[in-house]
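Results of the structural survey
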Amino acid sequence: MTSFDSSPPLNVWRALLALAVVFVMLATTGWTALHSHGEDTPLDASLSKWEHGTMGGHRLPDPDSAPSRLARFFATLDAHQRSSLVHRYPLAVGNMNGAPLKLRYQANRIALGEQRKVELARMHDNGLSSAGQAQAGRRMHRYEALMRTKRQILAFDPEGSGRVAEVYGDLSKAERVSVVVPGVDSDLLTFQRTYRAYSAPVGMARALYKAERTASPGTRTAVIAWADYTAPSGLGIDSATAMRAVDGAVRLNALVRALPGRAPIALYCHSYGSVVCGVAADDLPERVSDIAVAGSPGMRAANAAHLHTSARVWAMRDATDWIQDVPHLEVGGLGHGADPVSSGFGARVLSADGASGHAGYFEPGTESLLNFAEIGVGAYRAVHCAHKDDTCRKGLSAGTAAGRA
């Protein structure tokens, strides 16, 4: 019997199909990349002020210094000095890897308050169209929601469509840390949704945090909803290339390297977020123990070994997820490579029963969320594999973060 699995005609056909998909995207959505006009953003302005600022007659450290150096700097300050820096440079401190967590939360609450005033004024600006005023109102209400007392905003940038990250749990005392990396259309306004709540970063992170606490009540966990990169907008050229993922990978690595303590970190990468995690993989620190992808278009790698990471690589896809129809290949920079749930990729393939489509992986009651939670607390032998042969658990210990397999 003749096999056509590797014949040139099939490969050519798949390549042409991938290119056709991209051309259709271009024709219908256009180039969605954001272009800089050379103007300072609010965050740039705050960082510039910091760079020219002083404390006790001494220049402030370079905000791009290693997080460990910045942490030592803040440790030398008293409460009054820290408060002074927070109020003088809220956006800079709120986004500064190495600054104490509580100080970042405080700084971002102040920065959100300042931006709320900006949008409130824009709501009543007669120079704006009614659509512009409505957009200002939506942003203003989002800022108000993020400013609520118990919310822990780890990062915030109002520029463009906006970036934000939020922490659930006590990150400074966590024994296990989980980071949710979302995909396309993740920005300030889509960070949280009332309708289809678990398709947005906040809903994903909250559901995961609750599921982890249920799975192991005695384990101190923390979950980060991380929409702190400029994600592609819609299914255009940005989502078909790694352009956004490259920048996102740099930011993701900066985040995980700056997290306090030594607790293992698990990354949960949904849709285009898995492209970000794939690009970031070879530079991740050792404490990243697990990379779990769901509904992935590819990780920019031919197989798990090519990710060059010591982390365990997990993958899942619901049977009704439309992403399975996207060609899993890369041609001239278009497409994201091999299918992570394919047998040849080499990931540990998990069950996603109940996820129902591309956006349902974090829905409570699904096997996908249960599997995420078991990974998050280190209960690897408790996960449910996609296949009955249980190969996804091969070589794993019962419930420890030590000894990667």
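So, here is what we can say about the structure in this document. Just so it is clear, the structure is predicted and the values come from calculations on it, not from any experiment.

**Some words on the pattern of salt bridges**
With the rule as written, the count across this model stands at 14 salt bridges. Across the pair Asp228 and Arg163 runs a salt bridge whose closest N-O atoms are separated by 3.5 Å. Here Asp228 is found in the loop between strand E6 (221–227) and helix H9 (237–240), whereas its partner Arg163 is found in strand E4 (residues 163–168), with 65 residues between them in sequence. Comparing Asp228 with Arg163, the two get one shared label, buried. The shortest N-O distance in the salt bridge between Asp390 and Arg393 comes to 3.0 Å. With a relative accessible area of 15%, Arg393 lands in the buried category.

**Considering the nonpolar core**
Among the nonpolar cores identified, the biggest contains 48 residues, and Val179, Ile224, Leu252, Leu267 and Ile291 are the most heavily contacted of them. Ignoring anything within four residues of it in the chain, the contact list for Leu267 reads Val179, Leu252, Val256, Cys277, Leu284, Val288, Asp290, Ile291 and Ala292. By size, the runner-up hydrophobic cluster in this structure holds 43 residues, among which are Phe156, Leu208, Ala211 and Cys385.

**Overview of the packing of helix H8 (residues 201–215) against helix H12 (residues 367–376)**
Look at H8 against H12: their axes get within 8 Å of each other, and the N-to-C directions meet at 65 degrees. The interaxial crossing formed by H8 with H12 has right-handed handedness. Contacts between H8 and H12 involve Ala207, Leu208, Ala211, Glu212 and Ala215 on the former and, on the latter, Leu369, Phe372, Ala373, Glu374 and Gly376. Considering only residue class, the contact of H8 with H12 consists of seven nonpolar, one polar and two charged.

**What about the state of the cysteines?**
Simply put, disulfide is the name for a covalent bond between the sulfur atoms of two cysteines. Tallied over the entire structure, the rule returns two disulfides. Between Cys269 and Cys277 runs a disulfide, and the two sulfur atoms are separated by 2.1 Å. Taking the sign of the torsion about the S-S bond as the criterion, the disulfide between Cys269 and Cys277, at about -90 degrees, is left-handed. Like Cys269, the residue Cys277 is buried in the burial classification. Residue pairing for Cys385: its cysteine sulfur links by disulfide to Cys392, the two sulfurs lying 1.9 Å apart. An S-S torsion of about -85 degrees defines the bridge between Cys385 and Cys392 as left-handed. In the chain, the bonded cysteines, taken in the order they occur along the sequence, pair up as 1-2, 3-4.

**Remarks on the pairing of strand E5 (residues 176–181)**
Among the six residues that make up E5, six are buried, leaving the element largely enclosed by the rest of the structure. Of the two faces of E5, the one carrying Arg176, Ser178 and Val180 and the one carrying Val177, Val179 and Val181 are both buried. For E5 and E6, the ladder comprises five bridges, and the chain directions are parallel. Bridge pairing in E6 links Val180 to Ala225. Read as a crossover between parallel neighbours, the route from E5 over H8 to E6 is right-handed. Alignment of E5 against strand E7 (residues 265–270), held across five bridges, turns out to be parallel. Bridged to Val180 within E7 is Tyr268.

**Regarding the packing of aromatic side chains**
Taken as a whole and assessed by the stated rule, the structure comprises nine aromatic pairs. Relative to Phe74, the ring of Trp50 lies with its centre 6.2 Å away and its plane at 35 degrees, an arrangement referred to as tilted. Separated by 24 residues along the polypeptide, Trp50 in helix H2 (residues 42–51) and Phe74 in helix H3 (residues 67–75) bring together distant segments of the chain. Phe74 shares its class with Trp50; the two are buried. Taken together through their ring pairs, the aromatic side chains of Trp50, Phe73, Phe74 and Tyr89 make up a single cluster. Directly above the ring of Tyr380 sits Arg312, whose terminal nitrogen or CZ lies 4.0 Å from the centroid. When the ring centre of Trp314 is taken as origin, the NZ or CZ atom of Arg348, which lies over that ring, is 5.9 Å away.

**Considerations on helix H7 (residues 130–146)**
Since there are 3.6 residues in each turn of an α-helix, residues three or four apart along the chain are aligned in direction. An ideal rise of 1.5 Å per residue puts 24 Å on 17 residues; H7 measures up with 25 Å between its terminal C-alpha atoms. Residues of H7 that are buried include every one of Gly132, Ala136, Gly137, Arg139, Met140, Arg142, Tyr143, Ala145 and Leu146, and no others. Buried residues in H7 make contact with helix H6 (101–123), strand E3 (152–157) and E4.

What counts, and at which threshold
- Residue indices follow the written sequence of each chain, beginning from 1 at its first position.
- With the structure being a predicted model, the display of local features is reserved for residues of pLDDT at least 70 and the display and counting of side-chain atom pairs for 80 or more, all residues being used for whole-chain, interface and lining totals.
- In computing side-chain values, all of the structure's heavy atoms are included and hydrogens and water are not.
- When a carboxyl oxygen of Asp or Glu is within 4 Å of a side-chain nitrogen of Lys or Arg, the pair counts as a salt bridge.
- Runs of E in the DSSP output that reach at least two residues are strands. Runs of H or I that reach at least four are helices, and both are numbered from the N terminus.
- With a 1.4 Å probe rolled over the protein chains alone, any residue whose accessible area is under 20% of its type maximum counts as buried; one over 50% counts as exposed, and the rest are partly exposed.
- By nonpolar core is meant a set of buried Ala, Val, Leu, Ile, Met, Phe, Trp, Tyr and Cys residues that side-chain atoms within 4.5 Å join together.
- Whether two residues are in contact is decided by their heavy atoms, any of which lying within 4.5 Å being enough.
- The convention used is that axes are lines fitted to C-alpha atoms, helices contributing only their stretch in contact, and that angles between N-to-C directions extend from 0 to 180 degrees.
- Left-handed describes a crossing whose near helix is turned anticlockwise from the far helix through less than a right angle; right-handed describes the clockwise counterpart.
- Just so you know the grouping, Ala, Val, Leu, Ile, Met, Phe, Trp, Tyr, Cys and Pro go in nonpolar, Asp, Glu, Lys and Arg go in charged, and all remaining residues, Gly too, go in polar.
- The disulfide criterion is simple: two cysteine sulfur atoms within 2.5 Å.
- Two strands qualify as a pair provided DSSP detects at least 2 bridges between them.
- When the strands point away from the viewer and the connection leading from the first strand across the helix to the second strand turns clockwise, the crossover is called right-handed.
- Between 30 and 60 degrees the pair is tilted, below 30 it is stacked and above 60 it is edge-to-face, where a pair is any two Phe, Tyr or Trp rings, Trp via its six-membered ring, whose centres lie within 6.5 Å.
- We call a charge positioned above a ring when the Lys NZ or Arg CZ atom is no farther than 6 Å from the ring centre and deviates by at most 35 degrees from the ring normal.
- Each helix should span, by expectation, one fewer than its residue count multiplied by 1.5 Å.

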